[in-house]
Amino acid sequence: MDSKIKTTMKKFLLLAALALGMQPAYSFCGFYVAKADAKLFNTTTQVIVTRSGQHSTITMSSDFKGDVKDFAMVVPVPKVLQRDDIRVVERVLFDKLDAYSGPRLVEYWDQNPCYTAQMEVKSMSTPRSAMSLSKGESVNADEETETVRIEAKYTVGEYDILILSAEESGGLERWLIRNGYKIPEGARQVLEPYIKSNMKFFVVKVNLEELDKSGMQLLRPLQVSFDSPKFMLPIRLGMANSHGTQDMIVYLLTPNGRVETVNYRTVKIPTDRNIPEFIQDDFGDFYVDVYKMAMKREGKNNIFLEYAWNISGNTGVKCDPCTGNPPILADLQEAGVNWLTNNGWNSYNGNAFFTRLHVSYDREHFPQDLVFQETPNRENFQGRYIITHPATGSLKCSEAKSYLRDLKQRRTLELQELAWLTGRDVSKYDNYLNKVQGYLQEDEIIPEQLPDKPTQIHQVTKPAMAAVTDTVSIGQPVVTTGINKDSGAIDQSQFIEEGSDPAVMEANAGNSYLYLAASILLSTVLVLYRNRKKA
Amino acid sequence: MTTVSLPSIPLKQTAPEPMFHTVRRIAGRIVSDARFYQILFLSVFLMYGIAVLGWDVDAWKFALTVGTCFITQLVFTAATSKDYYSLLSASISSLSLCLMLKTGVAGVVALAAFLSIAEKFVFRVGGKHFFNPTNFGICLTILLTGQAWISPGQWGNNGFLLLLIGSLGLFVLIKVKRFDTAAAFLISYVGLLSIRHIFYQGWPPDFLLHQLQSGTLLLFTFFMITDPVSTPSHPWARIGWAAAVGALAFVLQSYYFVNGSPLWALFMLSPFTLLLDRLFKHSNFKWTQK
């Protein structure tokens, strides 16, 4: 492969690594309670929710920053969980899903108007969301009354887990305090509605012996499974020890289609935007600005859709372009998906849909827990941003003049787009336009880095519904597969099979036509019969 | 989308032509019809959804919905009453479907539109149909195909929009004299919700406020359950029935976790209109009352 492309790929790998390094701390959707005066941080939470029928599995990732012996948390759950319903999973699962579904930067190269040997390269890096910090606060204990029952007690991995049921919030609050948990001020009011809804409390602290035995430095994500008609995430409790805004990314895996919130508006993050070339240097920061600006524009009481993709066994393209490998069956099963069946090496039978939602919530704008619904909507969606590099090589020919004129115009539009997307003052980027002028004055560009691969001109296409688009195809020397090889990961092309999902849609559509025909026939007969009777 | 334009009346009128008389008569008839305002307001909501809330603009879906509704209405009207002003009702149904029903399949769009309109001619007893057309179309389509859904969160909780829906809805209610229905439904639904969530469970007041700041709920209250044609004719029967819809919506939502519960409650209780009309005699509603 050409050396320039390799350099670019490495640059992007480095960028991706940097982005990972900047990754903020994670926390749970319950609240943290401390056993000492440790500083507690409640920042970005990552949660995986899988749901099929009434069965839900929720995996919560924690990047607790304090001393692990001070770690404790309370999560409301709809029923008393059995030992087998609770697991610890490896953190790498979250990294995989995050890398796969994060917003992506796509790179295109202009064709040199004077030169035919040209190629187009795509690449991407995954930005991380902004974080916010806030402290937990303590409250003084009152007198004790016993209305709390320990329903179950388990040690799972490095965690000691209690399932509590309570009759009233005051009792639960006192019990937690008496047992050495420091709980946030205002916890009582927040606990009350959950008690009254017959919810149980999943109380977790770290078992230091087990943690020492495992030799782990970081706490692993906890996973709980249960059957419940409620398809929701309790975020209200998490707001008890955080007065600021909290950030949460929810990965949802369901059999049929896209998940949306019922009690908040689900807004798509802006996508398929042409942005200036220099954004590739700080794509992570750029996306944080895009997200913040979208929140400003749409209001703070919304949830953002960042990714939605049909990852059914028979779907050809599980991402386009891929920023990380699509989850394989083992990943999905680890996350709690139990409705897919193995179909040979790394492929599976059955339907699955991946939804990634991003929410920044605070007490003021989110008075209710998040309630979800799965819709039959299988339309794919991704946060995708496009940069286009200008042509390299000599620009001496007559066509170059109009090319450069167009380029300047395009860059003006790119800057306008940047201003709209991020709210940044783009006047400081004037040299981005002037650089085009520079080309005109210099009247030649040194052609030393010219790629020698065959020409590829691609149209920027919107991600189609489970259809194979022309932006990624097998065997092309595009970076999409190259990055994966360089990083030692699995070649993405192995996931590409013949797409048959449209056939499923067709079958469903056929169903509705059948009903339509039947209802037309039936109603016509009835109305005619009635008319005749009247006559 | 249907737009009914106001008649252009010249300031100075010299020897009006017969054609102008016809246009004026029809336009006057339309403007005096409360359905005209419903169409106007629903169109505004749809445009707001597309322009401000960024809903997907699926022109083909809108066209298919409006087209199917109109053709169905035309054919059935031609076969029955021949009252072509009923096309106004078809406009309302098609707009409501565009606002509420979500699907990606053309057959489902057509099915919902057809069911909405055909229902009025099929489930008709004593010159009155007892399902709300749009409600029937939406619910039956979801039940039959599973390829459609309603999106209660799509309106967000934007104060301005809610005020708009509320006030414009109120205007229509005053026009059709169905304020009692809306009030009975809201009092029963909101009352039960507040008893359970605020007084019993102890959620803070904004929990309930958030629930009520839903465009879907307001649209349902002001433009669906208050449909004067498909609700019981007797005022007291109507109030009791609307309260029952509110109570059922509360039960479905709080105990069975049904999303968009008012729609399902209305669908389930609509047939009782028939029974209530038998028990409590009252003259049927006419859109243009002299």
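Model, not experiment: these values are computed from the prediction. (Residues numbered from 1 in each chain as written. Chains lettered and ligands numbered in written order. Predicted model: local features only at pLDDT ≥ 70, side-chain atom pairs only at ≥ 80, totals over all residues. Heavy atoms only, no water.)

Engineer: Please provide a residue-by-residue account of the overall build of chain A, values included.
Structural biologist: Assigned secondary structure in chain A consists of eleven helices and 22 strands. For chain A, restricting intrachain contacts to residue pairs at least 6 apart in sequence, the fraction spanning at least 24 positions comes to 81%. Accessible surface computed for chain A: about 22000 Å², of which carbon and sulfur atoms make up 51%. (Helix = DSSP H or I, 4+ residues; strand = E, 2+ residues; numbered from the N terminus. Contact = heavy atoms within 4.5 Å. Areas by Shrake-Rupley, 256 points an atom, 1.4 Å probe, with all protein chains shown as cover.)

Engineer: Lay out the overall build of chain B in plain terms, naming residues and giving numbers.
Structural biologist: Regarding its fold elements, chain B presents 13 helices and four strands. Here chain B has a C-alpha radius of gyration of 19 Å; the compact-globule value for 290 residues is 19 Å, and the two agree. Each of the 290 residues in chain B was classed as buried or not, and the buried ones make up 57%. Considering only residue pairs separated by 6 or more positions, chain B has 77% of its internal contacts joining residues 24 or more positions apart. Summed over its atoms, the accessible surface of chain B is roughly 12300 Å², and 70% of this surface lies on carbon and sulfur atoms. The distance from the centre of the 20 positive side-chain charges to the centre of the 10 negative ones in chain B is 9 Å. (Rg over C-alpha atoms; globule rule 2.2 N^0.38 Å. Buried < 20%, exposed > 50% of the residue type's maximum accessible area, 1.4 Å probe, protein only. Lys, Arg positive; Asp, Glu negative; His and termini not counted. Charge placed at Lys NZ, Arg CZ, Asp CG, Glu CD.)

Engineer: Let's hear about the interface of chain B and chain A: which residues, and what values?
Structural biologist: In this complex, chain B contributes 43 residues to the contact, which on the side of chain A involves 43 residues. Interface area for chain B against chain A, summed over the two sides, is near 3600 Å², with a carbon-plus-sulfur share of 59%. Summed over the shared surface of chain B and chain A, the result is two salt bridges. Across the pair K268 of chain A and D56 of chain B runs a salt bridge, and its minimum N-O distance is 2.9 Å. (Buried area = accessible area lost by both parts, 1.4 Å probe. Salt bridge = Lys/Arg side-chain N within 4 Å of Asp/Glu carboxyl O.)

Engineer: Would you mind going over unusual backbone geometry in detail, with residue names and values included?
Structural biologist: In this structure, N198 of chain A is a non-glycine residue whose phi angle is positive, near 65°. Within the secondary structure layout, N198 of chain A lies in the loop between α4 (187-196) and β9 (200-206). Despite not being glycine, F257 of chain B shows a phi value in the positive range, around 55°. As for its position among the elements, F257 of chain B is in the loop between α11 (235-256) and α12 (261-269). The partly exposed category is assigned to F257 of chain B, whose relative accessible area is 31%.

Engineer: With reference to specific residues and values, describe the nonpolar core.
Structural biologist: In terms of nonpolar packing, the biggest core is built from 81 residues, with F45, L99, W155, L219, F223 and V245 of chain B touching the most fellow members. With eleven residues, the top contributor of residues to this core is helix α5 (residues 106-122) of chain B. Ignoring sequence-local partners within four residues, the contact set of W155 of chain B consists of R265 of chain A together with F45, L53, W55, L99, L161, I165, G215, T216 and L219 of chain B. M73, Y154, V156 and F286 of chain A belong to the second-largest nonpolar core, a separate cluster that totals 68 residues. (Core = buried A, V, L, I, M, F, W, Y, C linked by side-chain atoms within 4.5 Å.)

Engineer: Any details on the packing of aromatic side chains? Residues and values, ideally.
Structural biologist: Each aromatic ring pair is described using two quantities: the centre-to-centre distance and the angle formed by the ring planes. Tallied over the full model, the rule gives 35 aromatic pairs over all chains. A cation over an aromatic ring shows up here: R297 of chain A above the ring of W420 of chain A, its NZ or CZ 3.7 Å from the ring centre. One Lys or Arg, K102 of chain B, reaches over the ring of W55 of chain B and ends 4.8 Å from the middle of that ring. (Phe/Tyr/Trp six-rings, centres within 6.5 Å; stacked < 30°, edge-to-face > 60°. Lys NZ or Arg CZ within 6 Å of the ring centre and 35° of its normal.)

Engineer: Give me the lowdown on the state of the cysteines, citing residues and values where you can.
Structural biologist: All names here are of chain B. Taken as a whole, this structure holds one disulfide over all chains when the rule is applied. Summary of cysteine pairing: C69 is not part of a disulfide, and the nearest cysteine sulfur, belonging to C98, is at 7.9 Å. Using a relative accessible area of 0% as the deciding quantity, one classes C69 as buried. For the unlinked cysteine C139, the closest cysteine sulfur is that of C69, found at 15 Å. (Disulfide = S-S within 2.5 Å.)

Engineer: Before we move on, could you go through a nonpolar patch on the surface and cite the residues and values that matter?
Structural biologist: Side chains of I71, L74, V75 and Y84 of chain B sit close together on the surface and give an oily, nonpolar patch of about 380 Å² of accessible area. Mapping V75 of chain B onto the fold places it in helix α3 (residues 59-79). (Patch = residues over 30% accessible without salt bridge, like charges linked within 9 Å, V, L, I, M, F, W, Y side chains within 5 Å.)

Engineer: I'd love a proper account of the sheet that holds strand β20 (residues 370-374) of chain A, names of residues and values included.
Structural biologist: All names here are of chain A. What the three strands build is an open sheet, ordered β11-β20-β13; its pairing is antiparallel. Looking at strand neighbours, the two that pair on one side only are β11 (232-233) and β13 (259-261), the edges of this open sheet. Pairing of β13 with β20, which is carried by three bridges, proceeds in the antiparallel orientation. Across the sheet, the residue bridging to V259 is E374, located in β20. (Pairing = 2+ DSSP bridges.)

Engineer: So what about the environment of K286 of chain B? Which residues, and what values?
Structural biologist: Residue and element names in this part refer to chain B. For K286, the position within the fold is in the segment after α13 (272-279). According to the relative accessible area criterion, K286 is exposed, its value standing at 54%. Remark: the alpha-carbon pair of K286 and F45, spanning 241 residues in sequence, is separated by 26 Å.

Engineer: Could you give an account of the sheet that holds strand β22 (residues 384-389) of chain A, with specific residues and numbers?
Structural biologist: All names here are of chain A. Spatially, three strands are ordered β6-β22-β15 in an open sheet, and the strand pairing comes out parallel. Of all strands in the sheet, those bounded by a partner on one side alone are β6 (104-109) and β15 (273-274). Packing of helix α6 (residues 283-298) onto the sheet brings it into contact with β6 and β22, and relative to β22 it is tilted by some 135°. (Axes fitted to C-alpha atoms, helices over the stretch in contact; angles between N-to-C directions.)

Engineer: Describe in detail helix α4 (residues 87-100) of chain B, supporting the description with residues and values.
Structural biologist: Across its 14 residues, α4 of chain B extends 20 Å between first and last C-alpha, which sits within 8% of the 20 Å expected from 1.5 Å per residue. α4 of chain B sits mainly inside the fold: 13 of its 14 residues count as buried. (Expected span 1.5 Å × (residues − 1).)

Engineer: Lay out the side chain of T221 of chain B in plain terms, naming residues and giving numbers.
Structural biologist: Residues and elements named next belong to chain B. Inspection of the secondary structure puts T221 in helix α10 (residues 215-223). T221 gets classed as buried once you look at its relative accessible area, which sits at 0%. Separated by 2.7 Å, the side chain of T221 and the backbone oxygen of L217 make a polar contact. (Polar contact = N/O pair within 3.5 Å; in protein donor to acceptor, adjacent residues only side chain to side chain.)

Engineer: Explain the packing of α5 of chain B against helix α6 (residues 133-145) of chain B to me, and be specific about the residues and the numbers.
Structural biologist: All names here are of chain B. Closest axis-to-axis distance for the α5/α6 pair is 8 Å, and the angle between their directions is 135°. By the angle between their axes, α5 is oblique relative to α6. Along this stretch, α5 crosses α6, giving a crossing that reads as right-handed. On α6, the residues that touch V108, L111, A112, L115, S116, E119 and K120 of α5 are P133, T134, F136, G137, L140, T141, L144 and T145. Looking at the contact of α5 with α6, its residues break down into eight nonpolar, five polar and two charged. (Parallel < 35°, antiparallel > 145°, perpendicular 65-115°, else oblique. Left-handed = near helix turned anticlockwise from the far one by under 90°. Nonpolar A, V, L, I, M, F, W, Y, C, P; charged D, E, K, R; others polar.)

Engineer: Lay out the pairing of strand β19 (residues 353-361) of chain A in plain terms, naming residues and giving numbers.
Structural biologist: All names here are of chain A. Among the nine residues in β19, nine count as buried, and that is most of the element. The pairing of strand β12 (residues 246-254) with β19 spans nine bridges and is antiparallel. Looking at the pairing, M248 lines up with V359 of β19. Judged from the six bridges that link them, strand β16 (residues 302-310) and β19 form a sheet pairing that is antiparallel.

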